[in-house]
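Examining the three-dimensional arrangement
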Amino acid sequence: MTASHISRDLAYGPDPLHRLDLYRPHGAVRAAIVDIHGGGWWTGDKAHEVGLASALVRAGYLVAVPNYRLADGAARLNLYPTQVDDISSVLAWLYASDIDFDRAHVATVGSSSGGNLAAEVAIRHGLPAVAWSGLFDLDGFVTDHPDTVPRRLDVDPQAGPTEIDQTGANDQ
């Protein structure tokens, strides 16, 4: 099964970053999956999810791959939970659309910060999720670690999540 149609940069909200790519399979749609990119909250792009989205659409799923507002700690813009709200808006957009899919069968998937978003949005909306290496309780971590000093990793904005050097202690 191959994608019969990929619609790019569909607006799901008012912000310029509220854009998603929608992968539609040939034939009957099994369910819908929101595939959320990682990137440490401050970087990343939906273009990094083409491989996974393509595999899911070949399996018969409708796949929405959104961009979302990225955090800018220095400017104190788009801080958490902005991204959770953005992905919730993706779900609202999907449910309100005239796209033919079974609205009772929607799931989220993501890795790294996308994994955290997949888990948090799934919990918020009662959906199944797959989260690869996402921190499940970001609010709890921030509360339990008030002395944590945020630092920005300078990475190539075109780098995929697996190309980012994320060395350091696992303090969970």
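Bear in mind the structure is a predicted one, so any value in this text is a computation, not a measurement. (Residues numbered from 1 in each chain as written. Predicted model: local features only at pLDDT ≥ 70, side-chain atom pairs only at ≥ 80, totals over all residues. Heavy atoms only, no water.)

Here we look at the overall build of the protein chain
Defined as follows: Runs of E in the DSSP output that reach at least two residues are strands. Runs of H or I that reach at least four are helices, and both are numbered from the N terminus. Buried residues are those whose accessible area, probed at 1.4 Å on protein chains only, stays under 20% of the maximum for their type, while exposed residues exceed 50% and partly exposed ones sit between those limits. Should any heavy atoms of two residues lie within 4.5 Å, those residues are counted as being in contact. All accessible-area figures derive from a Shrake-Rupley calculation using a 1.4 Å probe, and residue coverage is judged against the displayed protein chains alone.
For the protein chain, the count of helices and strands is four helices and six strands. The linear arrangement of helices and strands in the protein chain, starting from the amino end, is β-β-β-α-β-α-β-α-β-α. Going through the 172 residues of the protein chain one by one, you find that 41% of them count as buried. Within the protein chain, counting contacts between residues at least 6 apart in sequence, those at least 24 apart form 60% of the total. Carbon and sulfur atoms make up 53% of the accessible area of the protein chain, which amounts to about 9200 Å² in all.

Side note on the pattern of salt bridges
Worth spelling out the cut-off: A carboxyl oxygen of Asp or Glu within 4 Å of a side-chain nitrogen of Lys or Arg is what we treat as a salt bridge.
Scanning the entire structure with this criterion turns up five salt bridges. Its salt-bridge partner being Arg 8, residue Asp 21 comes within 3.2 Å of it at the nearest N-O pair. On the criterion of sequence distance, the pair formed by Asp 21 in strand β2 (residues 19-25) and Arg 8 in strand β1 (residues 3-11) is long-range, its members being 13 residues apart. The salt bridge involving Lys 46 is made with Asp 9; its shortest N-O contact spans 2.8 Å. A residue pair is termed long-range when its members are at least 10 positions apart, and Lys 46 in the loop between β3 (32-36) and α1 (50-58) and Asp 9 in strand β1 qualify at 37 residues. Look at Lys 46 and you get buried, because its relative accessible area is 7%.

Structural notes on the environment of Leu 10
With respect to the helices, strands and loops of the structure, Leu 10 is situated in strand β1. C-alpha separation for the pair Leu 10 and Pro 66, spaced 56 residues apart in sequence, amounts to 9.0 Å. Apart from the residues within four sequence positions on either side, Leu 10 is in contact with His 18, Arg 19, Leu 20, Leu 22 and Trp 93.

Remarks on helix α3 (residues 113-125)
In plain terms, the rule: One less than the residue count of a helix, multiplied by 1.5 Å, gives the span that helix is expected to have.
The end-to-end C-alpha separation of α3 is 18 Å, in line with the 18 Å expected for 13 residues at 1.5 Å each. Buried residues dominate α3, accounting for ten of its 13 residues. Buried within α3 we find Ser 113, Gly 114, Gly 115, Asn 116, Leu 117, Ala 118, Ala 119, Glu 120, Val 121 and Ala 122. Gly 126 lies just past α3 and shows a positive phi near 70 degrees.

Some thoughts on the pairing of strand β5 (residues 106-111)
Our working rule: For two strands to count as paired, DSSP must find a minimum of two bridges between them. Handedness of a crossover: with both strands directed away from the viewer, a clockwise path from the first strand across the helix to the second marks it as right-handed.
Taken across its six residues, β5 has five buried, putting it largely inside the fold. Where β3 and β5 come together, five bridges link them in parallel fashion. If you follow Ile 33 over to β5, its bridge partner there is Ala 107. Here β5 runs beside strand β6 (residues 129-132); their pairing, made up of four bridges, is parallel. Bridging from a neighbouring strand, Gly 110 pairs with Ala 131 of β6. Running through α3, the crossover from β5 to the neighbouring parallel element β6 is right-handed.

Observations regarding the packing of helix α2 (residues 82-96) against α3
Angle between the axes and distance between the axes: these two values describe a pair of packed helices. Heads up, the rule is: Every axis in this analysis is a line fitted to C-alpha atoms, fitted for helices over the stretch in contact. Angles between the N-to-C directions lie between 0 and 180 degrees. Roughly parallel means an angle under 35 degrees; roughly antiparallel, over 145; roughly perpendicular, 65 to 115; everything else is oblique. Left-handed describes a crossing whose near helix is turned anticlockwise from the far helix by less than a right angle; the clockwise case is right-handed. Under the convention adopted here, Pro, Cys and the residues Ala, Val, Leu, Ile, Met, Phe, Trp and Tyr are nonpolar, Asp, Glu, Lys and Arg are charged, and Gly plus all remaining residues are polar.
Interaxial distance between α2 and α3 falls to 10 Å at its minimum, and their mutual angle equals 60 degrees. By the angle between their directions, the pair α2 and α3 is classed as oblique. Like other packed secondary-structure pairs, α2 and α3 cross with a definite hand, here right-handed. Residues Gln 83, Val 84, Asp 85, Ile 87, Ser 88 and Leu 91 of α2 touch α3, and the partners they reach there are Leu 117, Glu 120, Val 121, Arg 124 and His 125. Of the residues contributing to the contact of α2 with α3, the split by class is five nonpolar, three polar and three charged.

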